[in-house]
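The lines below spell out each chain.
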Amino acid sequence: MAQHILNQRPVSRRPISRLCRNGFFLLPLVLLVLLGVVLPWLDSPLLYNTSSSPSFPPSLSYWREYSLTQATKFVAKNGSTVIVCTVSYPFLPFLNNWLISVSRQNHQENVLVIAEDYATLYKVNEKWPGHAVLIPPALGSQTAQHFGSKGFFKFTSRRPQHLLDILELGYNVMYNDVDMVWLQDPFQYLEGSHDAYFMDDLTKIKPLNHSHDLPPPNRKGATYICSCMIFLRPTSGAKLLMSKWIEELGSLFWAKPKEGNDQPAFNWALNKTAHEVDVYLLPQTAFPSGGLYFTNETWVKETKGKHAIIHDNYIIGYDEKMKRFRDFGLWLVDDYALESPLGKL
């Protein structure tokens, strides 16, 4: 028996040796592939599944430390554009309504919610991890701030700094107020490669082929451009415009008499940089003011099918805004909440 075993031909070690040699050369390649796939996700909020357990990471402290750099990198994905809104907790229903309309145009993954309070930061990231960031200091979260109030000014006056910070990171940025609804994809109207795009806030009807230049100032020397919807490219011109807006907001002239509204400062910045910034006025048919859309039924019928974004402005009050959206069939939350990344709040 022993002799039989000894007489057996030895098992060849060549395949094993060849496998080892091949494995030695393949191992670095496999490691490179794994690192290429895994490393980009190491800083991603999606590593943490908050729905699995209330105590599972990321903790509240994780979101407190979550930075604008991390957030913009996450939402921009492989693109170069970030869609930004700023929200306080009382306006979460309006955020959800806006998100439903954005989702219908397949742009929701590029949305970054800049939370103005920790309650909003935690709620959005609980439902939709990684899509909300808070840039200190946090504001109070209990009261809805109305247009014209000091709280509203404090809320909106931080906007140009947020936009400038995103531009400095190298991204295109589209800003929207959350009392808006998308009816079409607004990006199709961003013709050319201008520094800044915006919409007029006047109610006067313009010709269909109106100029896309900055409108001439009125008798008081000012224009009436809405700061509610802005698209910016990361150019020196767009950065100059945001810096000038910040400067105008910081001046004593705006800090006291016009404390409740940041829009005049935006218009002064536009006029003072008019020869240095390449701007583009968006078509009124696609981007009407609320004062035109909600009051001129004839114009709405004549331009039907051409509207891209509807703004619920020219009205003051949380309940009043919601009612008007409902009256015009633009309050989507009641019937279509599941279309929002946040679902039912």
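Here is a short report on the structure shown in this document. (Residues numbered from 1 in each chain as written. Predicted model: local features only at pLDDT ≥ 70, side-chain atom pairs only at ≥ 80, totals over all residues. Heavy atoms only, no water.)

This paragraph deals with the overall build of the chain. Per the secondary structure count, the chain includes 15 helices and nine strands. A buried classification covers 50% of the 345 residues belonging to the chain. Here the chain displays about 18100 Å² of accessible surface, and carbon together with sulfur accounts for 58% of that area. (Helix = DSSP H or I, 4+ residues; strand = E, 2+ residues; numbered from the N terminus. Buried < 20%, exposed > 50% of the residue type's maximum accessible area, 1.4 Å probe, protein only. Areas by Shrake-Rupley, 256 points an atom, 1.4 Å probe, with all protein chains shown as cover.)

Next up on the list: the pairing of strand S7 (residues 225-232). Of all eight residues in S7, eight are buried; the element is thus mostly enclosed. Strand direction decides the pairing type here: strand S4 (residues 172-176) and S7, joined by four bridges, are antiparallel. When the bridges of S7 are listed, Asn 176 appears paired with Met 229. Pairing of strand S6 (residues 196-200) with S7 involves five bridges; the strand directions are antiparallel. Within the sheet, the bridge partner assigned to Asp 200 lies in S7 and is Ile 225. (Pairing = 2+ DSSP bridges.)

This brings us to the pattern of salt bridges. Any two side chains of opposite charge can pair, on the condition that their charged atoms come close. Enumeration according to the criterion identifies 14 salt bridges in this entry. Close ionic contact of Lys 206 with Asp 200 constitutes a salt bridge, the shortest N to O distance being 3.0 Å. You can call Asp 200 buried: its relative accessible area is 8%. (Salt bridge = Lys/Arg side-chain N within 4 Å of Asp/Glu carboxyl O.)

In this structure, Leu 95, Trp 98, Met 229, Leu 232, Met 242, Trp 245 and Phe 287 are the most contacted members of the largest nonpolar core, which totals 92 residues. Contact partners of Trp 98, with chain neighbours within four places excluded, come to Ile 83, Cys 85, Val 111, Asn 176, Asp 177, Val 178, Met 180 and Trp 182. (Core = buried A, V, L, I, M, F, W, Y, C linked by side-chain atoms within 4.5 Å. Contact = heavy atoms within 4.5 Å.)

Our focus in this paragraph is the packing of aromatic side chains. A complete count under the given rule lists 19 aromatic pairs for this structure. On the basis of an interplanar angle of 45 degrees and a centroid distance of 5.5 Å, the ring pair of Phe 91 and Phe 94 is categorised as tilted. On the basis of relative accessible area, Phe 91 is assigned to the buried category, the value being 15%. Their ring planes at 70 degrees and their centres at 6.4 Å tell us that Trp 182 and Phe 187 sit as a pair that is edge-to-face. Trp 182 sits in the buried class, given a relative accessible area of 3%. Given the relative accessible area of 22%, Phe 187 is considered partly exposed. Three or more aromatic residues link up through ring pairs in this structure, and these residues are Phe 91, Phe 94, Tyr 293, Phe 294, Tyr 318, Phe 325, Phe 328 and Trp 331. Arg 64 extends its terminal NZ or CZ atom over the ring of Tyr 118, reaching a point 4.0 Å from the ring centre. (Phe/Tyr/Trp six-rings, centres within 6.5 Å; stacked < 30°, edge-to-face > 60°. Lys NZ or Arg CZ within 6 Å of the ring centre and 35° of its normal.)

A few words now on the sheet that holds strand S8 (residues 279-281). Two pairing modes exist for strands in a sheet, parallel and antiparallel, and in both the strands are linked by backbone hydrogen bonds. Spatially, S3-S2-S1-S4-S7-S6-S8 is the arrangement adopted by the seven strands of the open sheet, whose pairing is mixed. At either end of the open sheet lies a strand with only one pairing partner, and these are strand S3 (132-134) and S8. Sheet twist, expressed as the average angle between the axes of neighbouring strands with direction ignored, equals 30 degrees. Along the sheet, helix H5 (residues 92-103) contacts strand S1 (81-87), strand S2 (111-115) and S4; its crossing angle with S1, the most-contacted strand, is approximately 155 degrees. (Axes fitted to C-alpha atoms, helices over the stretch in contact; angles between N-to-C directions.)

Let's shift gears to a nonpolar patch on the surface. Among the surface-exposed residues, Leu 202, Tyr 224 and Tyr 314 lie close enough to one another that they form a single nonpolar patch of about 290 Å² accessible area. Take Leu 202: it is sitting in the loop between S6 and S7. By relative accessible area, which is 39% here, Leu 202 ends up partly exposed. (Patch = residues over 30% accessible without salt bridge, like charges linked within 9 Å, V, L, I, M, F, W, Y side chains within 5 Å.)

On to the side chain of Thr 72, then. Considering the arrangement of structural elements, one finds Thr 72 in helix H4 (residues 68-76). With relative accessibility at 0%, the residue Thr 72 sits in the buried group. When near neighbours in sequence (up to four residues on either side) are disregarded, Thr 72 contacts Val 82, Leu 112, Ile 166, Leu 169 and Tyr 171.

What follows covers unusual backbone geometry. Across the junction of Pro 136 and Pro 137, the peptide omega takes the value 5 degrees, indicating a cis bond. Within the element layout of this structure, Pro 137 appears in the loop between S3 and helix H7 (150-156). Unusually for a residue other than glycine, Asn 106 sits at a positive phi of about 60 degrees. Mapped onto the elements of the fold, Asn 106 is located in the loop between H5 and S2. With relative accessibility at 64%, the residue Asn 106 sits in the exposed group. Although it is not a glycine, Tyr 314 adopts a positive phi angle of roughly 60 degrees. The residue Tyr 314 is located in the loop between strand S9 (309-311) and helix H14 (318-327) in this model.

Next up on the list: helix H9 (residues 236-250). Compared with an ideal rise of 1.5 Å per residue, which puts 15 residues at 21 Å, H9 spans 21 Å between its outermost C-alpha atoms and is within 8% of the ideal. Taken together, the buried positions of H9 are Gly 237, Ala 238, Leu 241, Met 242, Lys 244, Trp 245, Glu 248 and Leu 249. The buried residues of H9 occupy an angular sector of 160 degrees when the element is viewed end-on, so they sit on one face. In H9, those exposed residues whose orientation departs by more than 90 degrees from the buried face are Ser 236 and Gly 250. (Expected span 1.5 Å × (residues − 1). Arc of directions from axis to C-beta.)

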